[in-house]
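If you want the building blocks of each chain, they are given just below.
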Amino acid sequence: MTDDRERFERLYRENFRAVLRFAALRIDPERAKDVVAETFLVAWRRLDDVPAEPRAWLLGVARKVIAGQFRSQTRRDALVLRLEAERGESGDFAATVADRDEVLAAFAALRERDRDVLRLVAWDGLDAAEAAAVLGVTRLSFAVRLHRARRRLERALEPEPAAPQKTRRHIDAHS
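From a predicted model like this one, the values you see are computed outputs, not experimental measurements.

Asks: Help me out: how do you make sense of the overall build of the protein chain in this one?
Replies: Counting its regular elements, the protein chain contains 9 helices and 0 strands. Order of helices (α) and strands (β) in the protein chain, N terminus to C terminus: α-α-α-α-α-α-α-α-α. Counting over 175 residues, the protein chain shows a buried share of 27%. For the protein chain, the share of sequence-separated contacts (at least 6 apart) that also reach a separation of at least 24 residues comes to 64%.

Asks: Just to check I follow, could you spell out the nonpolar core for this structure?
Replies: When a protein is soluble and globular, its nonpolar side chains tend to lie buried together. By size, the foremost hydrophobic cluster in this structure holds 36 residues, and its most contacted members are Leu11, Phe40, Ala43, Leu120 and Phe142. Element by element, the count of residues in this core is highest for helix H3 (residues 55-87), at 8 residues. Setting aside anything within four residues of it in sequence, one finds Phe40 in contact with Phe8, Leu11, Tyr12, Asn15, Phe16, Val19 and Leu58.

Asks: What's the story with the packing of aromatic side chains in this structure? I'm lost.
Replies: Centre-to-centre distance and the angle between the planes together describe a pair of aromatic rings. The final tally for this structure, using the stated rule, is 5 aromatic pairs. For the ring pair Phe8 and Trp44, a centre distance of 5.3 Å and an interplane angle of 75° mean the geometry is edge-to-face. Of this pair, Phe8 sits in helix H1 (residues 2-24) while Trp44 sits in helix H2 (residues 29-45), and the two are 36 residues apart along the sequence. Since its relative accessible area comes to 17%, Phe8 is described here as buried. The class of Trp44 is partly exposed, set by a relative accessible area of 33%. Geometrically, the ring pair formed by Tyr12 and Phe40 is edge-to-face, given 4.8 Å between the ring centres and 65° between the ring planes. A residue pair is termed long-range when its members are at least 10 positions apart, and Tyr12 in helix H1 and Phe40 in helix H2 qualify at 28 residues. In textbook terms, an aromatic cluster arises when at least three aromatic residues are bridged by ring pairs, as seen for Phe8, Tyr12, Phe16, Phe40 and Trp44. The lysine or arginine in question, Arg26, covers the ring of Phe22, its NZ or CZ lying 3.8 Å from the ring centre.

Asks: What's the story with the pattern of salt bridges in this structure? I'm lost.
Replies: Opposite charge on two side chains permits pairing when their charged atoms draw close. Per the stated rule, a full pass over the model turns up 13 salt bridges. The shortest N-O distance in the salt bridge between Arg5 and Glu9 comes to 3.0 Å. With Arg5 and Glu9 both in helix H1 and 4 residues apart, this pair spans about one turn of that helix. Taking relative accessible area as the criterion, Glu9 reaches 34% and is therefore assigned partly exposed. The residue Asp124 makes a salt bridge to Arg21 at a minimum N-O spacing of 3.9 Å. Here the residue Asp124 occupies a position in the loop between helix H6 (112-122) and helix H7 (128-135), and Arg21 occupies one in helix H1, the gap between them amounting to 103 residues. Using a relative accessible area of 7% as the deciding quantity, one classes Asp124 as buried. Through salt bridges with shared partners, a single ionic network connects Arg63, Glu112, Arg115, Asp116 and Arg119.

Asks: I'm lost on H2 in this one. Help?
Replies: The periodicity of an α-helix, 3.6 residues per turn, causes residues three or four positions apart to be oriented the same way. Compared with the 24 Å implied by 1.5 Å per residue over 17 residues, the 24 Å span of H2 between its first and last C-alpha is a close match. If you check which residues of H2 are buried, you get Ala32, Val35, Val36, Thr39, Phe40 and Ala43. Buried positions in H2, seen along its axis, are confined to an arc of 125° and lie on one side of it. What points out from H2, more than 90 degrees from its buried face, is the exposed set Glu30 and Arg45. For H2, the capping residue at the N-terminal end is Asp28, with a side-chain oxygen 3.2 Å from the backbone nitrogen of Glu30.

The rules behind the values
Residues numbered from 1 in each chain as written. Predicted model: local features only at pLDDT ≥ 70, side-chain atom pairs only at ≥ 80, totals over all residues. Heavy atoms only, no water. Helix = DSSP H or I, 4+ residues; strand = E, 2+ residues; numbered from the N terminus. Buried < 20%, exposed > 50% of the residue type's maximum accessible area, 1.4 Å probe, protein only. Contact = heavy atoms within 4.5 Å. Core = buried A, V, L, I, M, F, W, Y, C linked by side-chain atoms within 4.5 Å. Phe/Tyr/Trp six-rings, centres within 6.5 Å; stacked < 30°, edge-to-face > 60°. Lys NZ or Arg CZ within 6 Å of the ring centre and 35° of its normal. Salt bridge = Lys/Arg side-chain N within 4 Å of Asp/Glu carboxyl O. Expected span 1.5 Å × (residues − 1). Arc of directions from axis to C-beta. Polar contact = N/O pair within 3.5 Å; in protein donor to acceptor, adjacent residues only side chain to side chain.

Given below as structure tokens:
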């Protein structure tokens, strides 16, 4: 038991900052602290499953904890929207979206899978092998995901071509 405790304390000391940084880049600081606590609780409970190089494993656990929080938040948000709709209230989402920065909007438009891949490399500074371990995929599979996510982000940043304007004459001719 003493060996487990010492191993866990070392694991915590050496990886706390990395897990906190990982979580804080994805969610607000208070919830990030909760993610860290839950991640290390899982590590303590599954100490025998923690690999010798635990960073990627811990970030994978943190990722799952965050995903669980997002699912819960999504359900709460959907409930709020339903309640507002029932009362006849609605938020001005267009104004909110219009204020967003172009890159953040393009990033947000990506699938969660693409955002995860880009975050692991750009925000967390993981190499392909580490990021693959976090996601539980092969290095080759991760490289393909990363390439595709980058292409999708580039396409999302491209300006949309303007739709052709229909003239009154064009509309009348087809009526």
